[in-house]
Amino acid sequence: MNGGGLGYGRRKLTGHVMMAGSLVAACIAVALLFWIIGYVFIKGIHGINLDFFTELPTPVGVEGGGLANAIVGSIIVVGMAALMAVPVGVAAAVYLSEYGRGLFASSVRFVADVLAGVPAIVAGIVAYALVVSRMGRFSAFSGSVALAILMLPIIIRSSEEIFKTVPNTLREASLALGIPRWRTVIKVVLRTASGGLVTGIMLAVARVGGEAAPLLFTAFSNSFWSLRPDQPMATLPVQLFNYAISPYDDWHEKAWAAALVLIFMVLMLNIAAKMYAHRRPGR
Amino acid sequence: MTDKLKVEALSAWFGNNPALYDINIAMPEKSVTAIIGPSGCGKSTFVRCLNRLHEEVPGASSRGIVLLDGEDVYSPGVDPVLLRRRMGMIFQKPNPFPTMSIAQNVVAGILLERRMSKSEVEESAEKYLKLAALWDEVKDKLHKPGMSLSGGQQQRLCIARALAVEPEVLLADEPASALDPISTAKVEELFMDLKERYTIIVVTHNMQQAARISDKTAFFLTGKLVEYDATAKIFTNPSRKETEDYVTGRFG
């Protein structure tokens with residue numbers, strides 16, 4: 001076989017050039033990520049101390065204080081959002097993967113895709129119109145509604161993909177045992193897919209956990225402790241935003257610290273999701 | 001011998017594509033019937049029509065009568081879920097539930113009807129694993145994942161799982177085609193034992209296997225039942241030319 005010749009040499013060269021190009025692109029992407037994390041770490045690490053996690057924010061000019069209420073608030077707001085979005089999203093994915101056929105199912109898929117592309121701030125406006133304007137005040141609940149709207153399409157599509165990876169032979173094995181379809185879905189499909197399902201949910205939580213825009217005019221902000229869902233609640237991203245646009249140096253430092261904590265929390269969720277995905281035996 | 005299953009004018013489709021044409025056949029009780037024929041001839045579709053699994057495939061449909069103990073399984077009053085509990089099914093590729101242990105796999109079908117204590121689970125698992133000739137190999141690791149077994153063991157686990165719902169008929173869709181010869185021999189031996197209690201229908205590509213284990217053999221070709229007779233007759237003196245060509249390996 002004549003493997004040499006001009007054609008082969010050129011192909012080989014083109015291959016190398018393309019490979020080098022994609023390698024550079026990959027390096028840029030990774031470098032950006034590390035640059036962001038590194039920069040936030042350097043700027044934010046000074047602001048991290050025990051008070052940051054246990055104390056309330058202090059007024060301008062008063063030293064010390066922390067963002068305990070915003071950290072707890074973020075967990076509450078995102079948690080309530082997950083409570084709303086996870087059952088609906090997973091159930092919708094079950095419908096799409098196990099029952100949905102034809103035009104209606106593909107319309108649902110299309111709508112979920114469009115919803116996934118809706119800007120976060122629009123989700124906030126919707127929650128404002130639906131909840132805030134009717135209740136007459138900002139509330140943690142309205143913020144959760146906004147985040148739930150953002151989570152829903154992510155959960156639907158990731159869960160559906162996971163359900164599709166469950167081999168059809170398992171569904172048939174179950175049906176052939178005389179197990180009804182609804183029970184087959186719960187006992188076989190959901191159980192077999194649980195690893196990927198939880199991973200998808202964690203990634204959706206991580207995705208919305210850093211959102212500030214939809215919370216600005218829903219959950220709003222709060223300088224004090226509040227655990228009531230019908231009252232404004234501080235969250236990390238909004239607090240970060242408020243501190244960042246302020247003219248005070250010590251608030252800027254707090255903003256960097258908040259950014260660091262936020263990145264860390266999202267990172268932890270991502271790592272936990274990856275670990276959970278690889279934890280399942282036999283898959 | 002009475003007929004356990006009697007099929008009359010059964011046709012089946014995938015969408016608009018016909019898969020079975022007007023099948024008429026009867027299987028006697030407590031016997032092994034082999035279904036042979038080239039790939040795509042409708043063998044699998046045929047057995048999947050018997051336990052109404054065919055209709056679970058999107059777009060699939062069927063028409064005709066399937067009498068189980070004289071009762072049409074397609075009559076409106078029949079719940080396919082309950083029907084399937086009377087007809088166990090074994091698939092080509094072993095398919096134990098990956099999230100369940102060996103013992104849980106065996107009782108997966110029973111757990112539907114009632115809760116079971118841990119000792120009940122173990123008791124049932126032992127009973128049906130013994131019936132499936134797998135007990136000695138797994139008795140020390142009942143709580144290990146079902147997927148940890150070898151392919152041949154997994155298939156016998158699936159047989160134990162099918163037996164545990166106490167079916168009357170066993171449908172086996174190429175149960176040994178993914179197994180090595182030793183595992184195949186074990187599964188065949190098992191069917192020979194089981195036929196004293198169950199009516200068994202085996203789809204197979206392996207004609208030696210059909211000859212070894214079955215009492216009657218049906219030959220399918222392009223969705224039609226070409227010939228159905230005593231196994232000895234089919235393999236030594238078939239009445240149809242197509243059957244002879246197939247069993248002598250001249251096509252297919």
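Conventions we followed
All chains use their own residue numbering, which begins from 1 and follows the written sequence. Naming scheme: in the order in which they are written, chains are lettered from A and ligands are numbered from 1. Two thresholds apply to this predicted model, a pLDDT of at least 70 for residue-level local features and 80 or more for giving and counting side-chain atom pairs, whereas whole-chain, interface and lining totals are computed over all residues. Side-chain measures here rest on the full set of heavy atoms in the structure, leaving out hydrogens and waters. The way it works is that DSSP assigns letters per residue, a run of H or I at least four long becomes a helix, a run of E at least two long becomes a strand, and they are numbered from the N terminus. Here a polar contact means two N or O atoms within 3.5 Å. Within protein one must be a hydrogen donor candidate and the other an acceptor candidate, and residues neighboring in sequence count only if both atoms are side-chain atoms. Whether two residues are in contact is decided by their heavy atoms: any pair within 4.5 Å suffices. Centre distance within 6.5 Å is the pairing criterion for rings of Phe, Tyr and Trp, where only the six-membered ring of Trp is used; planes under 30 degrees apart are then read as stacked, over 60 as edge-to-face, and the remainder as tilted. Only protein chains enter the calculation, and the probe is 1.4 Å; a residue is then buried if its accessible area is under 20% of its type maximum, exposed if over 50%, and partly exposed in between. Either an automatic procedure or a domain database provided the assignment from which the domain bounds are taken. Joining two parts hides part of their accessible area as seen by a 1.4 Å probe, and the buried area is that hidden amount summed over both. Take a side-chain nitrogen of Lys or Arg and a carboxyl oxygen of Asp or Glu: if they are within 4 Å of each other, that pair is a salt bridge. Residue polarity follows a fixed list, in which Ala, Val, Leu, Ile, Met, Phe, Trp, Tyr, Cys and Pro are nonpolar, Asp, Glu, Lys and Arg are charged, and the others, Gly among them, are polar.

Q: Give me the side chain of Arg 85 of chain B: which residues, what numbers.
A: As for its position among the elements, Arg 85 of chain B is in helix α2 (residues 80-86). Separated by 3.2 Å, the side chain of Arg 85 of chain B and the backbone oxygen of Leu 177 of chain A make a polar contact. With residues near it in sequence (within four places) discarded, Arg 85 of chain B still touches Leu 177 and Gly 178 of chain A together with Gly 109, Ile 110, Leu 112, Glu 113, Val 165, Glu 166 and Pro 167 of chain B.

Q: I'd like a description of the packing of aromatic side chains, backed by residues and values.
A: Residue and element names in this part refer to chain A. Inspection of the entire model under this criterion finds ten aromatic pairs over all chains. Measuring from ring centre to ring centre gives 5.9 Å for Tyr 95 and Phe 104, while their planes differ by 70 degrees; the resulting arrangement is edge-to-face. By relative accessible area, which is 31% here, Tyr 95 ends up partly exposed. Judged by relative accessible area, which is 54%, Phe 104 ranks as exposed. Look at Phe 138 and Phe 220: their rings are 4.6 Å apart centre to centre, the planes differ by 10 degrees, and that puts the pair in the stacked class.

Q: Break down the domain arrangement of chain A for me, with residues and values.
A: Residue and element names in this part refer to chain A. Domain annotation of chain A identifies domain 1 (2-47) and domain 2 (68-277). A C-alpha centroid distance of 32 Å is found between domain 1 and domain 2. Counting residues at the interface gives ten residues for domain 1 and six residues for domain 2. Between domain 1 and domain 2, the buried area comes to about 720 Å², and carbon and sulfur atoms account for 86% of it. Among the residues of domain 1 in contact with domain 2, Ile 37, Val 40 and Lys 43 are the three that bury the most area, contributing 53% of the side total. Inspection of the domain 1/domain 2 interface yields zero salt bridges.

Q: Kindly report on the interface of chain B and chain A, identifying the contributing residues and their values.
A: In many reports, interface size means the accessible area that the parts give up when they come together. Chain B puts 25 residues into the contact, and the matching count from chain A is 19 residues. At the boundary of chain B with chain A, total buried surface from both sides reaches about 1,900 Å², with 64% on carbon and sulfur atoms. Summed over the three residues of chain B that lose the most area to chain A, namely Phe 97, Thr 99 and Leu 112 of chain B, the buried surface amounts to 27% of that side. For Arg 181 of chain A, the salt bridge is made with Glu 56 of chain B, and the minimal N-O distance between the two is 3.0 Å. Looking at the side of chain B that touches chain A, the elements with two or more residues in it are α2, β6 (87-90) and α6 (151-163) of chain B. Tallying contributions element by element places α2 of chain B first for the side of chain B that touches chain A, with three residues. Taken together, the residues of the side of chain B that touches chain A sort by class into 15 nonpolar, five polar and five charged.

Q: I'd like a rundown of the pattern of salt bridges, residues and numbers included.
A: For the structure shown, the criterion picks out 29 salt bridges over all chains. Residues Lys 4 of chain B and Asp 69 of chain B are paired through a salt bridge, measuring 3.1 Å at the closest nitrogen-oxygen approach. Of the two residues, Lys 4 of chain B is situated in strand β1 (residues 3-14) and Asp 69 of chain B in the loop between β4 (60-68) and β5 (71-72); the sequence distance between them amounts to 65 residues. For Asp 69 of chain B, a relative accessible area of 42% corresponds to the partly exposed category. Salt-bridge contacts for Glu 168 of chain B lead to Arg 86 of chain B; the nearest nitrogen and oxygen are separated by 2.9 Å. Of this pair, Glu 168 of chain B sits in the loop between α6 and β7 (169-173) while Arg 86 of chain B sits in helix α2, placing them 82 residues apart in sequence. Among the ionic contacts, a cluster of salt bridges with common partners joins Arg 109, Asp 113, Arg 157, Glu 160, Glu 161 and Lys 164 of chain A.

Q: So what's going on with the side chain of Asp 173 of chain B? Residues and values would help.
A: Here Asp 173 of chain B lies in strand β7. Apart from the residues within four sequence positions on either side, Asp 173 of chain B is in contact with Ser 44, Ile 90, Phe 91, Gln 92 and Val 203 of chain B.

Q: An account of unusual backbone geometry is needed here, citing residue identities and associated values.
A: Residue and element names in this part refer to chain B. Residues other than glycine seldom take positive phi values, yet Lys 30 does so here, at roughly 50 degrees. The phi torsion at Ala 133 lies on the positive side, around 55 degrees, for a residue other than glycine. For Ala 133, the position within the fold is in the loop between α4 (118-131) and α5 (135-138).

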